[in-house]
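# Understanding the architecture of this molecule
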Amino acid sequence: YIDQIKAREIFDSRGNPTVEADVILSNGVIGRAEVPSGASTGEKEAVELRDNETRLGGKGVHKAVSNVNNQINQALHGLNPFNQAHIDKIMIKLDGTPNKEKLGANAILGVSMATARAAAQVTHQPLYRYLGGTDLELPQTFHNVINGGEHADNGIDIQEFMITPVERSSFRDGFEKIVNTYHTLKKVIEKAGYTTGLGDEGGFAPDLKSSEDALTMLHTAIIKARYTPGKEIAIAFDAAASYFYNKDTKNYDFEGKTYSPAELGKYYASLFKKFPEIISIEDPYSEDDWDNFITFTKQYGSQIQIVADDPVCTNPGLIKKAIENGMANSILIKLNQIGTVTETLEAIRLARKNGYTTMISHRSGETGDTFVADFTVATNSAELKAGAPARSERVEKYNQLLRIEEELGEDGTRLAHFPNNVDFD
Ligand code: PGA
Ligand code: ZN
């Protein structure tokens, strides 16, 4: 049973405070988890509780830590760690608000993930096995190799330019192709006279003039690395359009020009035409612009994966609304947008039941915790985005998948192929 829950303030990959929680069982086993933190957050995300005092720029998490050590610790003492759903439900009730603002989603999620870890350890199972059972597959990974938007100080308004391995004989083989392309991209950027400093997610952050230039560089790098664009390495991007939407004019202020929603759609279509290796686009329209997001899905949803992130925030209620309205055909999944493992599983189940794909995601502020790697495999989610193959807080997720592939390999590894809609229950 759960004997004690203890949290502390640690720091994330941007040097901001975050919560680490330990769930300590009566037999001495400790499950530990670290909570990530976003920069381009959706308005409907569960609340990340910050101290808002002068210390650490207001970003301290002492209140969230104290909520774990006191209220949550008392409420969960003596409970069975195997009953994840029950434990998450108790925390949701204890908080009592729709967006977890009282205890903080950072406090609740830390405990929720650490509970799963403790339970997995007691049964001597790896986390992916404890959460997922058997018949698991390795995901297709999406690597943000040019960072823009809120993740870098450059002039590019599209937030994430990703490469993903399509044809591959194993997870390792796909990852090697990504690494080769990443190193080649560095040379391409250098040769064009730009700096090769990194953004928050380990991708390069050159001060390019336009998003189209970024795509051209990716295209060039894939070819120079001797891969066929679209066949071996494909491209995906996250526009994160909420961040260039003008709420007053209802237009999009994008890279020095103003685009009406229809013009923006045409712009994306021109990119799809110029770069047929683009297979997935995330948040093409703002979270405040559902109508145009839906129209865009009607137009292009049969040709390309369209992922909803900010409009739905891993919230089952919002995902249901998106499905009813035909918004997107894929859902981005971030544990800390909703705040418990159980609700995240519910979000995935709901999406998949309705034929949507699910892409599990890290946050731009990460820690060394590799929970999302195991979680992606456990839910057979087929897709994971966890940043470039650089900066340890990113690479550790992929290293964990390499370990999992080695373990699963004994009974024959299965690889997810894009787009994937395997059932999940
Ligand atoms: P964030 O961005 O982690 O900074 O919120 C990720 C995303 O928009 O997908
Ligand atoms: Zn996004």
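Residues numbered from 1 in each chain as written. Chains lettered and ligands numbered in written order. Predicted model: local features only at pLDDT ≥ 70, side-chain atom pairs only at ≥ 80, totals over all residues. Heavy atoms only, no water.

Turning our attention to the site of ligand 1. The immediate surroundings of ligand 1 are formed by 15 residues, with Ala39, His151, Arg363, Ser364 and Lys385 found nearest. One of the side-chain N or O atoms of Lys385 is found 2.7 Å from an oxygen atom in ligand 1. Isolated, ligand 1 exposes 280 Å² of accessible area, and the fraction of that covered by the protein chains is 99%. For ligand 1, the cavity whose grid points lie within 2 Å of the majority of its atoms is the second largest cavity. In the shell around ligand 1, the residues fall into 2 nonpolar, 6 polar and 7 charged. (Near = heavy atom within 4 Å. Polar contact = N/O pair within 3.5 Å; in protein donor to acceptor, adjacent residues only side chain to side chain. Areas by Shrake-Rupley, 256 points an atom, 1.4 Å probe, with all protein chains shown as cover. 1 Å grid on protein atoms, 1.4 Å probe; cavity = no way out; pocket = protein on both sides within 12 Å on 5 of 7 lines; lining within 4 Å. Sits in = over half its atoms within 2 Å of the grid points. Nonpolar A, V, L, I, M, F, W, Y, C, P; charged D, E, K, R; others polar.)

Right, let's get into the sheet that holds strand β8 (residues 245-246). What the 3 strands build is an open sheet, ordered β8-β9-β10; its pairing is antiparallel. Both edges of this open sheet fall to β8 and β10 (257-259), since each of them pairs with a single strand only. Pairing of strand β9 (residues 251-254) with β10 involves 3 bridges; the strand directions are antiparallel. Considered in β10, the bridge of Phe254 is made with Lys257. Against the sheet, helix α7 (residues 261-274) touches β9 and β10, its axis set at about 105 degrees to β10. (Pairing = 2+ DSSP bridges. Helix = DSSP H or I, 4+ residues; strand = E, 2+ residues; numbered from the N terminus. Contact = heavy atoms within 4.5 Å. Axes fitted to C-alpha atoms, helices over the stretch in contact; angles between N-to-C directions.)

A word on empty space enclosed by the protein. Inspection of every chain in the model, using the stated rule, returns 2 cavities of 30 Å³ or more. Roughly 110 Å³ of volume is contained in the largest cavity. If you trace the largest cavity, you find 14 residues lining it, with Pro36, Met113, Leu335, Glu366 and Val372 closest to the centre. At the level of elements, α10 (335-338) and α12 (371-378) are the ones that each hand at least two residues to the lining of the largest cavity. Of the residues in the lining of the largest cavity, the class split is 5 nonpolar, 4 polar and 5 charged. In this structure, the second largest cavity encloses a volume near 90 Å³. His151, Glu160, Glu201, Lys334 and Arg363 are, among the 16 residues lining the second largest cavity, the residues nearest its centre. The residue inventory of the lining of the second largest cavity, partitioned by class, reads 1 nonpolar, 7 polar and 8 charged. (Points joined across faces, edges and corners; volume = space filled by probe spheres on them.)

Their axes nearest at 12 Å, the elements helix α6 (residues 211-224) and α7 cross at an angle of 15 degrees. In terms of orientation, α6 and α7 fall into the roughly parallel class. When you trace α6 past α7, the crossing you get is right-handed. On α7, the residues touching Ser211, Glu212 and Leu215 of α6 are Tyr267, Leu271 and Lys274. Split by residue class, the contact of α6 with α7 holds 3 nonpolar, 1 polar and 2 charged. (Parallel < 35°, antiparallel > 145°, perpendicular 65-115°, else oblique. Left-handed = near helix turned anticlockwise from the far one by under 90°.)

The next point concerns the pattern of salt bridges. Summed over the entire model, instances satisfying the criterion amount to 27 salt bridges. Lys385 is paired through a salt bridge with Glu160; the nearest N and O atoms lie 2.7 Å apart. On the criterion of sequence distance, the pair formed by Lys385 in strand β15 (residues 383-385) and Glu160 in strand β6 (residues 160-165) is long-range, its members being 225 residues apart. In this structure Lys385 comes out as buried when scored by relative accessible area, which is 2%. Taking the relative accessible area as the measure of exposure, Glu160 reaches 2% and is therefore buried. The structure contains a network of salt bridges with shared partners spanning Arg8, Glu20, Asp22 and Arg32. (Salt bridge = Lys/Arg side-chain N within 4 Å of Asp/Glu carboxyl O. Buried < 20%, exposed > 50% of the residue type's maximum accessible area, 1.4 Å probe, protein only.)

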